[in-house]
Amino acid sequence: MKRIVILGSTGSIGINALKVVSRFPGRFQVVGLTACGNWELLASQVKAFQPKYAAIDQKFIPDLRSAVGKQKTKVLDAQQDLPFLASLAEVDIVILAVSGRIALEPFLSAAKAGKQIAPANKEALVIAGDMIMSAARWSGAKVIPVDSEQSAIFQCLQGQNKAELEKIYLTASGGALYNIPGSRFDALTVNDILKHPRWKMGKKITVDSATLMNKGFEVIEAQRLFSVEVKQIEVVVHPQAIIHSMVCFCDGSI
Ligand SMILES: NC(=O)c1ccc[n+]([C@@H]2O[C@H](COP(=O)([O-])OP(=O)(O)OC[C@H]3O[C@@H](n4cnc5c(N)ncnc54)[C@H](OP(=O)(O)O)[C@@H]3O)[C@@H](O)[C@H]2O)c1
């Protein structure tokens, strides 16, 4: 039985993580779930998974409390208590599915506490990846990336001699603006930008995909996660989005 906390359980990654939990009854115990403003969905997740803790933005704590009723779940403040949840002694795996910089403190806290950490969030690694990864090395925390490009690289490197790694390729689908000429940009609406041609994801990452900022983040994320030099990472535009990433070894095999 693995005991898990999902930070950002009401988002695209968080909801899918809970689907996996539901698919394997008896394999996971949910200790904590968190959201920012979506207290209605968090309340229904609390009823379904009965975690010991749930955290929500302070102004929605009364709503969440009354929605979960007699449930024994302790309600915490999502702006303050994520680091506490990420380092609980009774937790084995911390899934970082919050978007933006809010992931930084809980990531560091889980790394220092030696947890198994599954980060989908990339912003924390961009901001302070070196600090996080050195805390993880020091404590023995295991970082298993969930972001698809990094996850594929991580899997390709299992059992391989890292010294033989020559290059990492990250692919970019091109996002919502790939086929739209710049002359039309001024007429675009937010909804146009949020129509990703391949995936349904949270709003921030969808906008970052359209501007390619997301790929910039991923280059930094890969550099921090795998301790390679930036010049070893190349981005390839691949609108079919069949391959998320590749590794090339010194014998030329990819
Ligand atoms: N979606 C994907 O397929 C995908 C793929 C690769 C990487 N990622 C990365 O994974 C992370 C999550 O992405 P997502 O697409 O799942 O995002 P999302 O759908 O927007 O969900 C974000 C989650 O974080 C919570 N949250 C947002 N701001 C918060 C704050 N200030 N304090 C506490 N909680 C906060 C949200 O709560 P509410 O629901 O209450 O707002 C929600 O639970 C991002 O860093 C993204 O770059 C996502």
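I will try to describe carefully the structure that is included in this document. These numbers were taken from a predicted model, which means no experiment stands behind them.

## Some remarks on the site of the ligand
Neighbouring the ligand are 29 residues, the closest being G8, G11, C36, M201 and G202. Listed by contribution, the elements that provide at least two residues to the shell around the ligand are helix 1 (12–23) and helix 9 (203–211). Split into classes, the residues belonging to the shell around the ligand amount to 11 nonpolar, 13 polar and 5 charged. Both domains that meet at the shell around the ligand, namely domain 1 (2–145) and domain 2 (151–249), each give it at least three residues.

## Here's the deal with the sheet that holds strand 2 (residues 28–34)
With parallel pairing, 7 strands are arranged side by side in an open sheet as 4-3-2-1-5-6-7. Lying at the two open borders of the sheet, with one neighbouring strand each, are strand 4 (74–77) and strand 7 (142–143). In the sheet, strand 2 pairs with strand 3 (residues 53–56) via 3 bridges, with the strands oriented parallel. From the neighbouring strand, T34 faces strand 3, where its bridge partner is A55. Lying over the sheet, helix 3 (residues 61–68) contacts strand 3 and strand 4, oriented at roughly 165 degrees with respect to strand 4. Of the strands in this sheet, strand 1 (2–7), strand 5 (93–96) and strand 6 (116–119) touch helix 5 (residues 104–112), which is tilted by about 155 degrees from strand 6.

## As for the pairing of strand 3
Looking along a regular strand, one sees side chains alternate from face to face of the sheet. On strand 3, burial covers both faces: Y53 and A55 on one face and A54 and I56 on the other are all buried. Assessed by its sense of winding, the connection that carries the chain from strand 2 through helix 2 (residues 39–49) to strand 3 is right-handed. Judged from the 4 bridges that link them, strand 3 and strand 4 form a sheet pairing that is parallel. The partner of A55 across the bridge, within strand 4, is L76. Following the backbone out of strand 3, through helix 3 and into the adjacent parallel strand 4, one traces a crossover that is right-handed.

## Concerning the sheet that holds strand 10 (residues 245–249)
Pairing is mixed across the open sheet formed by 3 strands, whose spatial order is 9-8-10. Taken across any chain shown, the strands that pair with only one partner, and hence form the sheet edges, are strand 9 (233–237) and strand 10. For this sheet, the mean inter-axis angle between neighbouring strands, taken without regard to orientation, is 25 degrees. As paired strands, strand 8 (residues 165–172) and strand 10 are joined by 5 bridges and run antiparallel to one another. Considered in strand 10, the bridge of L170 is made with S245. Sitting on the sheet, helix 7 (residues 148–157) touches strand 8 and strand 10, and the angle it makes with strand 10 is about 30 degrees. Where helix 10 (residues 213–226) meets the sheet, it contacts strand 8 and strand 9, and its direction lies at approximately 150 degrees from that of strand 8.

The rules behind the values
- Residues numbered from 1 in each chain as written.
- Predicted model: local features only at pLDDT ≥ 70, side-chain atom pairs only at ≥ 80, totals over all residues.
- Near = placed C-beta within 6 Å.
- Helix = DSSP H or I, 4+ residues; strand = E, 2+ residues; numbered from the N terminus.
- Nonpolar A, V, L, I, M, F, W, Y, C, P; charged D, E, K, R; others polar.
- Domains from an automatic or database assignment.
- Pairing = 2+ DSSP bridges.
- Contact = placed C-beta atoms within 7 Å.
- Axes fitted to C-alpha atoms, helices over the stretch in contact; angles between N-to-C directions.
- Buried ≥ 20, exposed ≤ 12 C-beta atoms within 10 Å, placed from the backbone.
- Right-handed = clockwise from strand over helix to strand, strands pointing away.

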